[in-house]
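Here is what each chain is made of, one letter per residue.
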Amino acid sequence: MARFFLLLLVISSGGCATAERMANLESFGYPGGGVYLSSSGSQCGLVLSGQINEKTQEAMENAVKRLGSRKCDEVIVLLDSQGGRVGSALRLGRYIRSRGFTTENNSGQTCSSSCGLVFVGGKVRVLNGKTVLNRGGKELGVHQPSKSTTKKCVPQNAPVVNAIRNYLREML
């Protein structure tokens, strides 16, 4: 199956996911971002654009419900996010894994901070067209989380750091 179907062509051409490019896709907005759906035949895609917060997964689940009875050979979740809440990213990554979705990030899109945790949730992970983070794959760096109020790094033994470690063991 061609990896760059309509959704990826719309989003990948010319840079980051903008509202103008998203206008032709079915939208599931939430405060700080949106999930956008496209499908054509057996090719299905979701774009996560914006912050990752407590409303992101609800938007993702609504978009997935909308896929309904469509016969998707594969569902690709294209990520374009500066990140956000770690707990929300961990839940979303587990949801993506439970559904067997592929996560993807291409040149022109951003996936930083907690978005990297969502990326790791993909059953298959594609970075700039190459499968990564499967056995024998490449590396992905995730920075230490910081407190949203003080912007100071949390201690290495903090519960959120342990949750990230456990999640990465689970996903990898």
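In what follows, the structure referred to is the one given above.
Cut-offs applied
Throughout, residues of each chain are indexed from 1 in the direction in which the sequence is written. This being a predicted model, a pLDDT of at least 70 is required before a residue's local features are given, and a value of 80 or more before pairs of side-chain atoms are given or counted; all residues contribute to the totals for chains, interfaces and linings. Side-chain measures were taken over the full set of non-hydrogen atoms in the model, leaving aside hydrogen atoms and water. Two strands qualify as a pair provided that DSSP identifies no fewer than 2 bridges between them. Counting from the N terminus, the helices are DSSP H or I runs at least four residues long and the strands are E runs at least two residues long. Axes here mean lines fitted to C-alpha atoms, for a helix over just the part in contact, with angles spanning 0 to 180 degrees between N-to-C directions. When accessible area is computed with a 1.4 Å probe and restricted to protein chains, residues below 20% of their type maximum are described as buried, those above 50% as exposed, and intermediate ones as partly exposed.

Novice: Tell me what's going on with the sheet that holds strand S4 (residues 74-80), and back it up with residues and numbers.
Specialist: One open sheet holds the seven strands; their spatial order is S1-S2-S3-S4-S5-S6-S7, and the pairing between them is mixed. For this open sheet the edge positions go to strand S1 (26-30) and strand S7 (130-132), each flanked by a neighbour on one side alone. Each strand axis lies, on average, 25 degrees off the axis of its neighbour in the sheet, ignoring direction.

Novice: Outline unusual backbone geometry, listing residues and values.
Specialist: Residues apart from glycine generally show negative phi values, whereas peptide bonds are mostly found in trans. The backbone of Ser113 shows a phi angle near 55 degrees, a positive value even though the residue is not glycine. Its location among the elements puts Ser113 in the loop between strand S5 (102-105) and helix H5 (115-120). Overall, Ser113 belongs to the partly exposed group, its relative accessible area being 28%. With a phi close to 50 degrees, Asn128 is a non-glycine residue in the positive phi region. Residue placement: Asn128 occurs in the loop between strand S6 (124-127) and S7.

Novice: Explain the environment of Ser49 to me, using residue names and the numbers behind them.
Specialist: Take Ser49: it is sitting in strand S3 (residues 43-50). Along the sequence, Ser49 and Gly34 sit 15 residues apart, while their C-alpha atoms lie 5.5 Å from each other.

Novice: Tell me about the pairing of strand S2 (residues 33-40), and name the residues and values.
Specialist: Examined bridge by bridge, S1 and S2 share five bridges and lie antiparallel to one another. Residue pairing in the sheet places Tyr30 in a bridge with Gly33 of S2. Connecting S1 to the next strand, S2, in antiparallel fashion are two residues, including Gly32 with a positive phi near 100 degrees. Here S2 pairs with S3 via eight bridges, running antiparallel. Bridge pairing links Ser38 to Gly45 in S3. Remark: two residues form the turn of the hairpin made by S2 and S3, two consecutive strands paired antiparallel; Gly41 in that turn has positive phi of roughly 65 degrees.

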